[in-house]
Amino acid sequence: MSTYYQPPKYPASNFESMTAADETLPVVIVGAGPVGMAVALGLAQRGIPVTILEAADQVSFGSRAICISRHSLEAAARLGFGAELEKIVLPWVGGRSFYRDRQVLHFQMRNAEHDVRPPMINVSQSEFEQIMVDTLEANPLITLHWSASIAGVLRADDEVTLEIDTAFGKRHLRARWVVAADGGRSRMRELAGLRMQGNNYDGRYVIADIHWESELPAERMVWFDPPSNPGSTIIMHKQPKNIWRIDYQLDPSEDAELETQEDRIRDRITRHLEWLQNDLPWTLEWHGFYSARALALQDFTHGRILFAGDAAHLVPIFGVRGLNSGMEDAETLAWQLAAVIHGSATPELLQAYSVERHDAWRQNVANAGKSTLIMSPGSHGYQTTRDAILALSVTRPEFSHLINPRQSSATDARISPLTWPTPADAEGVAAGDPVEDRRVQTADGTETSLNILRGTGFAVLGVRVDAAALAAATATLAGALAPESVRAILIGSDTPEESAVSVAVVPDADGQTVAALGARDGEVFVIRPDGVLLCRVDGVGRIDDVVRHLSLGTAPAGASAAVDNGPAIDPAELRRENVWMGLSDALDQVGENDREGFLTRLALVLGSQVGQREFEEAIAAATDPSLTVPADENADAAVGA
């Protein structure tokens, strides 16, 4: 029996049009996808009433964005639906890639003892959204209108009027701010006359959800040129309740309309499962289609209309950055828009949102773009080098890092106009970086985490500073940002005096938290509501400067130190990546009739720069017959059984 999730349908909403005499709504959000609902939950947490307009009559159907990152789980917890979400998800920590039937990559994401959550979980976007709907429906500050589609927009200096098509006729709403979170085919973007810029990639994929009671592990599995579907690429992910997501690439010569018919999809999946020696029944539950795109608006803020999620930017699906980057958009926009609405900051603060999130898109594309060039090489050069990398990786595992999918990780805001310069002698976390959640123990022995201690708002984290002074500085920041939550955390000290009971104390006896931050005694870290480090300064006396700059949407001028931001890149890996991309581009530039000549000349030049033994070894590796023989049909090898 299928366990596939069937979301409920909601009756069309009926509401009255607003008149000039009605008080303008603070915020209207267009689109009840994950991003729009996350913005609504973040604003409601800060006491701001929100109206959401959704053109459909239910949440999205199908798995869609199934991979949710650790950082997005942290955001879900802060927004109030994380606990319910984590009840139904399937965690995973790594994956395997195969060339034909041979494993060429086994990767694992960081999953340390201090981590509060797994690096990645799988759950259908449909269920993710339903939990969000249930959460916001319980919030009296949020109103969600179903079957309400945008028909027109009229902008003024201090408000926006929306014309809305409903089952009961046209309606009009007036809002001081409008958040456009209505997806990749954004009607709001169209009505505003805006176009995204960037790249469209050639790769096209059919996606399908099946119910299949397989015991294969919960990990990302990819086959390049599998015997079951020669020339194609197949991706498999296990979801909760024995639902499997299967993505497979279409050849450029194939007709997408024909290949997305159910009989064709069943045939492709049947061939692959039979090759995996499957004898279990399965059912096709849902299917879709996508192509990789890297597009964005130049600016995400347009007067009183603010764009977020896929309405603002699109990233290639590889590395699962779409929904995850949208959740970052939502958290950042929620606290910054709330500060403007409450009057603790000027509207210039919202330009910081645009700068930060556009740069985050650039960061995502830089990583996802490399993954896309492996998954869907769009030119002769990249196709040739991708196939060569796969073949070499069978016997030369040092090349396998180029196949790594570069799974989604939290982006930084180092270039944000809000981010302070990092002190020249600093180590560890830089201003603008996300501050990871980690398990800690408070002075009274309570097991908790940094995110729980800092709550949903700002945090002032002092390292071996005076507790009373830390409490006073935190109160100053809280007064300036009211009603935003601001909490104080004291790291590496004993229990404070009774006068400072508002300070959470983490003794950090083993010094691991201080070491993870790269902190010095007396240093103060100010962490934003979205988990990004705003600044790290010497002493609590700098909080007055923090207040002033936040209200203006600025940061002090000055050079920022280049601090350690995680494990260093292996120089050999960087060299191979540069060779891969440089050679690919060169192959695309030479004439079609000169490719063999170009490669011969290149080999002569490079071969003359190494010893005879190294050159002979390179020739032997490149001519290894095992790299080109037909793959055997040993399915056990194919799944690492």
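The rules behind these values
- Residues numbered from 1 in each chain as written.
- Predicted model: local features only at pLDDT ≥ 70, side-chain atom pairs only at ≥ 80, totals over all residues.
- Heavy atoms only, no water.
- Helix = DSSP H or I, 4+ residues; strand = E, 2+ residues; numbered from the N terminus.
- Rg over C-alpha atoms; globule rule 2.2 N^0.38 Å.
- Buried < 20%, exposed > 50% of the residue type's maximum accessible area, 1.4 Å probe, protein only.
- Phe/Tyr/Trp six-rings, centres within 6.5 Å; stacked < 30°, edge-to-face > 60°.
- Pairing = 2+ DSSP bridges.
- Axes fitted to C-alpha atoms, helices over the stretch in contact; angles between N-to-C directions.
- Contact = heavy atoms within 4.5 Å.
- 1 Å grid on protein atoms, 1.4 Å probe; cavity = no way out; pocket = protein on both sides within 12 Å on 5 of 7 lines; lining within 4 Å.
- Points joined across faces, edges and corners; volume = space filled by probe spheres on them.
- Nonpolar A, V, L, I, M, F, W, Y, C, P; charged D, E, K, R; others polar.
- Salt bridge = Lys/Arg side-chain N within 4 Å of Asp/Glu carboxyl O.
- Core = buried A, V, L, I, M, F, W, Y, C linked by side-chain atoms within 4.5 Å.
- Parallel < 35°, antiparallel > 145°, perpendicular 65-115°, else oblique.
- Left-handed = near helix turned anticlockwise from the far one by under 90°.

A. Highlighting the overall build of the protein chain. Counting its secondary structure elements, the protein chain contains 18 helices and 26 strands. Over its C-alpha trace the protein chain gives a radius of gyration of 26 Å, about what one expects of a compact globule, namely 26 Å for 641 residues. Principal-axis analysis of the C-alpha atoms places the extent of the protein chain at approximately 75 × 65 × 50 Å. In the protein chain, buried positions account for 55% of the 641 residues.

B. Quick look at the packing of aromatic side chains. As enumerated under the stated definition, the model contains 9 aromatic pairs in all. Plain terms: the ring middles of Phe 81 and Phe 128 are 5.5 Å apart, the flat faces sit at 90 degrees to each other, and that makes the pair edge-to-face. Of this pair, Phe 81 sits in the loop between helix H2 (70-79) and helix H3 (82-86) while Phe 128 sits in helix H4 (residues 125-137), and the two are 47 residues apart along the sequence. For the residue pair Phe 81 and Phe 128, the accessibility class agrees, reading buried in each case.

C. Representation of the sheet that holds strand S3 (residues 67-69) within the structure. The sheet built from 3 strands is open, its strands ordered S3-S7-S4 with antiparallel pairing. For this open sheet the edge positions go to S3 and strand S4 (90-92), each flanked by a neighbour on one side alone. Going across the sheet, the axis of each strand differs from the next one's by a mean of 35 degrees, ignoring polarity. Relative to strand S7 (residues 120-122), S4 runs antiparallel, the two being bridged by 3 bridges. Residue Pro 91 lies in a different strand from S7, and its bridge partner there is Ile 121. Each of S3 and S7 is contacted by H2, which is oriented at about 75 degrees to S3, the strand it contacts most.

D. Just empty space enclosed by the protein, in detail. Counted by the stated rule, this structure contains 7 cavities of 30 Å³ or more. In this model, the largest cavity occupies a volume close to 100 Å³. What lines the largest cavity is a set of 14 residues, and nearest its centre among them are Glu 328, Thr 332, Arg 357, Thr 411 and Val 532. Elements supplying a minimum of two residues to the lining of the largest cavity: helix H8 (322-342) and helix H9 (349-375). Of all the elements, H8 adds the most residues to the lining of the largest cavity, at 3 residues. Broken down by class, the residue content of the lining of the largest cavity amounts to 4 nonpolar, 3 polar and 7 charged. Put simply, the second largest cavity is a space of about 90 Å³.

E. Summary view of the pattern of salt bridges. One pass over the structure, following the stated rule, counts 42 salt bridges. Its salt-bridge partner being Glu 159, residue Arg 174 comes within 3.1 Å of it at the nearest N-O pair. Residue Arg 174 is located in strand S11 (residues 169-180), and its partner Glu 159 is located in the loop between strand S9 (149-155) and strand S10 (160-166); the two are separated by 15 residues in the primary sequence. Exposure class is identical for Arg 174 and Glu 159. Each is buried. One salt bridge connects Arg 438 with Glu 436, and the closest N-O pair in it is separated by 3.0 Å.

F. Up close: the side chain of Glu 331. Its place among the elements puts Glu 331 in helix H8. Setting aside its immediate chain neighbours within four residues, Glu 331 contacts Ala 75, Arg 78, Pro 529 and Asp 530.

G. Layout of the nonpolar core. In this structure, Ile 52, Phe 81, Leu 162 and Leu 477 are the most contacted members of the largest nonpolar core, which totals 104 residues. For this core, the element with the highest residue contribution is H8, accounting for 9 residues. Ignoring sequence-local partners within four residues, the contact set of Leu 162 consists of Val 28, Val 30, Leu 53, Ile 150, Gly 152, Val 153, Arg 171, His 172, Leu 173, Val 178 and Met 188. Core analysis: the second largest hydrophobic core is formed by 37 residues, Ile 66, Tyr 205, Ile 243 and Ala 296 among them.

H. Spatial organisation of the packing of helix H10 (residues 380-395) against helix H15 (residues 571-589). The N-to-C vectors of H10 and H15 enclose an angle of 140 degrees; their axes lie 7 Å apart at closest approach. The orientation of H10 with respect to H15, classified from their angle, is oblique. H10 and H15 meet at a crossing whose hand is right-handed. Every residue of H15 that contacts H10 at His 380, Gly 381, Tyr 382, Thr 384, Thr 385 and Ile 389 is listed here: Trp 580, Met 581, Leu 583, Ser 584, Asp 585, Leu 587 and Asp 588.

I. Representation of the sheet that holds strand S25 (residues 523-527) within the structure. Here 5 strands make up an open sheet; going across it, the order is S24-S23-S22-S25-S26 and the pairing mixed. This sheet does not close on itself; its edge strands, each paired only once, are strand S24 (503-506) and strand S26 (533-538). Going from strand to strand, the sheet's axes swing by 20 degrees on average, the running direction of each strand aside. Inspection of the sheet shows strand S22 (residues 458-463) paired to strand S23 (residues 486-491) by 6 bridges, in the parallel sense. Its bridge partner being in S23, Val 463 is matched across the sheet by Ile 491. Contacting S22, S25 and S26, helix H14 (residues 543-552) crosses the sheet at an angle of about 150 degrees to S26.

J. Local environment of the environment of Leu 250. Following the sequence through the fold, Leu 250 ends up in strand S15 (residues 243-250). Its relative accessible area of 4% is what places Leu 250 among the buried residues. Sequence spacing of Leu 250 and Ala 330 is 80 residues, and the spatial spacing of their C-alpha atoms is 34 Å. Beyond its immediate chain neighbours, meaning those up to four positions away, Leu 250 contacts Arg 204, Val 206, Ala 256, Glu 259, Arg 268 and Phe 289.

K. Seen up close, the pairing of strand S14 (residues 233-239). Burial analysis of S14 places 7 of its 7 residues in the buried class, the great majority of the element. Residue alternation in S14 divides its side chains into two sets, Thr 233, Ile 235, His 237 and Gln 239 and Ile 234, Met 236 and Lys 238, and both sets are buried. As paired elements, strand S13 (residues 220-224) and S14 share 4 bridges and run antiparallel to each other. Paired with Met 221 across the two strands is Met 236, which belongs to S14. Judged from the 6 bridges that link them, S14 and S15 form a sheet pairing that is antiparallel. When the bridges of S15 are listed, Ile 234 appears paired with Tyr 248. Counted between consecutive antiparallel strands, the loop separating S14 from S15 contains 3 residues, among which Lys 241 sits at a positive phi close to 65 degrees.

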